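In case you want the letters, here they are:
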Amino acid sequence: MKARRNKKQIPSFRKLLKTSKVKLENKLKNKQFKQQSTLKKYRKEQRKLRQAVKDAVSKKPIPLEDPKEKRPGKRIEREEEEEEEALPLDMMDEDDLQLMRDLGQRASFLTRDLSSSEPVHAKKRKHEHVIDKYEKIPRALQTAPEKELIHLLPIKDKSGIIPQTREKPGKSNQSASVLIKILKHLIERRKKLEEKKMHIAALGSAILGDPESNIKKLKEIRSMLTEQDPDVAVTVRKLVIISLLELFKDITPSYKIRPLTEAEKCTKIRKETQKLREFEEGLVSQYKFYLENLEQMIKDWKQRKLKKSNVVSLKAYKGLAEVAVRSLCELFVGGLLMSHFIFQISEMCCAAVKELFKQDKLGQASLGVIKVISGFVKGQNYEVRPEMLKTFLCLRIKEVEVKKDTEDINKPKKFMTFKEKRKTLSRMQRKWKKAEEKLERELLEAEASESTERKLKLHTETLNIVFVTYFRILKNAQRSPLLPSVLEGLAKFAHLINVEFFDDLLVVLHSVIESGDLSYRESLHCVHTAFHILSGQGDVLNIDPMKFYTHLYKTLFKLHAGATNEGVRILLQCLDVMLTKRRKQVSQQRALAFIKRLCTLALHVLPNSSIGILATNRILMHTFPKTDLLLDNESQGSGVFLPELDEPEYCNAQNTALWELHALRRHYHPVVQRFAAHLIAGAPSEGSEALKPELSRRSAAELFETYSMAEMTFNPPVKSSCSKRKSEVSQGDSFLNEDLNQLIKRHCS
């Protein structure tokens, strides 16, 4: 083999440029250092020379210095100043040198303070000018009060006893010192918090960059949930909760992670597979511990339990619990808090469970949550929030398995045996078949989406639990506030109920209505549920629903005519199911009675309710053409109309007319006026009295929502009515014609 040549890598131009720049900087620094050292050396020599000259000239006189001024620190400073200010001897003139020699012979020159402006022998004449000197001293005004001192215990050292004093603190000093302490504390807290944030961000970035290699760092982040620093403990714990939530949402795989069997643990696998298994195990364990930590925070808050360390106060536990609940809702495991006494927490949990039901395509997660909710409702003796059962309405269940047995569902795929392969396949085909079956087995184990039969099985089991919950409440808690939610759920899933339960369920619904314990809204829910049952698989049953028609006809005048319109919304749904969709089972007398009573009801309710009711009457007049006799005043029949009778079949509605439409034609809302004029004209589809497409193509429920009064505004805006002046109003006999006046006079005389 050829020996490898040790080729030296040629540096790039940028690297050469960078290297040359560094070399130039180093050379410049060395040059400056040499200049400084040379200058120092030169100054040292000059100082020695000056000292020698002084000693020689002055014959070494003894300096008469003040012993109090002998301080090494000041002497060093003076020497340094002399070094900087002194000039070398070669730069001095001969006259200057001679002057220095003359002054050096005098002792006062050496002992005198040159910074003083006084003459040398001022002390001898000091007593002569004492008063003048005192007068020349500037006066200082005493503006600030004298400071009070507090005498403390003295300190004793080698030199003797040293007294200790301290300024007495005042109110302003105390407040200033407190403010300074607070500011320092806030600055320290901010620094600590920034450090913790950077640490969490660094760990999170590492995990997101390579989850399989850095899965152990999840434990390091989770350990910060027990932060003990009282300054930042609450904030850091909240940040850790939210950070872990986002990390789990990002790195959690879309496939299902199942526990390994003993055989799989013993088999030898590749390094990549082993790394993936370690990642999955670490992710599942850290996820489990994270949920346990969140649950413990909520328990501590509910029990008002304070830890021994006292790092977090009881008030701070509420904020931690709210963040924990929000995180649990994000992770779709907040089912047990859906009935909490605090509305915000209950609302968050219910919204999270609804979102889970809407996004769960397989049904396995929904089944687990439904089991928890059903057991919780039963354990609480049906004393839970109605919103908890309203979450069932978001289940994505459209069909269930009702014909096949559960044993036949989700049969495993059969593979060919060795004997079958040997009989039918060649050697090469058997080899390919073996590889194909191995691949299919791996795909069946790892695939995320379940088969249709598996989904049907899960939906069937889920719906069975839902119906068991509903039937328990109908049987044991008929006066519970959960009844409207139960009836609404039965109405939605009525087409999935087994036909065998229809008779018993209708009997229970009728008995609940007849008990008289229900409000009008709950009664409407009962009627709606009953007809949903009969409109699906119940068509094959020989059941007479006349008693439900009678109850709805009786309930119409009990609707609330004020701001709440929830009853009208349910009413429109009931009328659509009972009259429009069951047109073949509805008699003409029944249709006439409902149209008449609905027109009377339209006079009393809000505009959007009137529009929905008139739209329903329009559909009924198209569905039952012979009902146009209500628009004719001359049509006569047997009997007299009995508006107070609650039996639609026997109230003789054919002997009345829709005079209410003429009153609605003068309604203050323009859309109500338009519908009334349209019905008076016989509800034509063409011509001047026909409705516009935006009104005719919408259902009654859509029109009810479109013209809603929830925002306390009219849609479209209503014109203000201008009252007439008194001078313009006619009075007296001008209201009557002449023939009528004469008739009145004749009868009065």
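Given the structure is predicted, the values throughout are model-derived calculations rather than measurements. (Residues numbered from 1 in each chain as written. Predicted model: local features only at pLDDT ≥ 70, side-chain atom pairs only at ≥ 80, totals over all residues. Heavy atoms only, no water.)

From N to C terminus, the protein chain includes 29 helices and two strands. Relative to its full complement of 749 residues, the protein chain shows a buried share of 32%. Sequence-distant contacts in the protein chain: of pairs separated by 6 or more residues, those separated by 24 or more amount to 66%. Working note: accessible area of the protein chain is about 52,400 Å², and carbon and sulfur atoms make up 54% of it. (Helix = DSSP H or I, 4+ residues; strand = E, 2+ residues; numbered from the N terminus. Buried < 20%, exposed > 50% of the residue type's maximum accessible area, 1.4 Å probe, protein only. Contact = heavy atoms within 4.5 Å. Areas by Shrake-Rupley, 256 points an atom, 1.4 Å probe, with all protein chains shown as cover.)

All right, on to the pattern of salt bridges then. When charged atoms on two side chains of opposite charge get close, those side chains can pair. Evaluation of the coordinates by the stated rule reveals 11 salt bridges. Its salt-bridge partner being R590, residue E649 comes within 2.7 Å of it at the nearest N-O pair. With E649 in the loop between α24 (607-623) and α25 (660-664) and R590 in helix α23 (residues 588-602), this residue pair connects regions lying 59 residues apart in the sequence. Of the residues examined, R590 reaches a relative accessible area of 10% and is grouped as buried. (Salt bridge = Lys/Arg side-chain N within 4 Å of Asp/Glu carboxyl O.)

By the definition in use, this model includes eight aromatic pairs. Here the aromatic rings of F531 and F548 are separated by 6.2 Å at their centres, their planes lie at 75°, and the arrangement is edge-to-face. Placement of F531 in helix α20 (residues 520-535) and of F548 in helix α21 (residues 546-555) is noted, with a sequence separation of 17 residues between them. Like F531, the residue F548 is buried in the burial classification. The rings of F248, Y287 and Y290 are connected pair by pair, giving a single aromatic cluster. The ring of Y549 is capped by R590, whose NZ or CZ atom sits 4.4 Å from the centre of that ring. The side chain of R597 reaches across the aromatic face of Y553, ending 3.9 Å from its centre. (Phe/Tyr/Trp six-rings, centres within 6.5 Å; stacked < 30°, edge-to-face > 60°. Lys NZ or Arg CZ within 6 Å of the ring centre and 35° of its normal.)

Our focus in this paragraph is a positive patch on the surface. Together, K361, R396, K398 and K455 make up a region of like positive charge exposed at the surface. As for its placement among the helices and strands, K361 is situated in the loop between α12 (343-359) and α13 (364-379). A residue is classified by how much of its surface remains accessible, and K361, at 58% relative accessible area, is exposed. (Patch = residues over 30% accessible without salt bridge, like charges linked within 9 Å, V, L, I, M, F, W, Y side chains within 5 Å. Lys, Arg positive; Asp, Glu negative; His and termini not counted. Charge placed at Lys NZ, Arg CZ, Asp CG, Glu CD.)

Of note, L620 is situated in helix α24. Residue classification places L620 among the buried residues on the basis of a relative accessible area of 1%. Each C-alpha atom, one on L620 and one on R583, is 9.3 Å from the other, the two residues being 37 residues apart in sequence. For L620, the contacting residues outside a window of four places in its chain are L579, T580, I595, L598 and T627.

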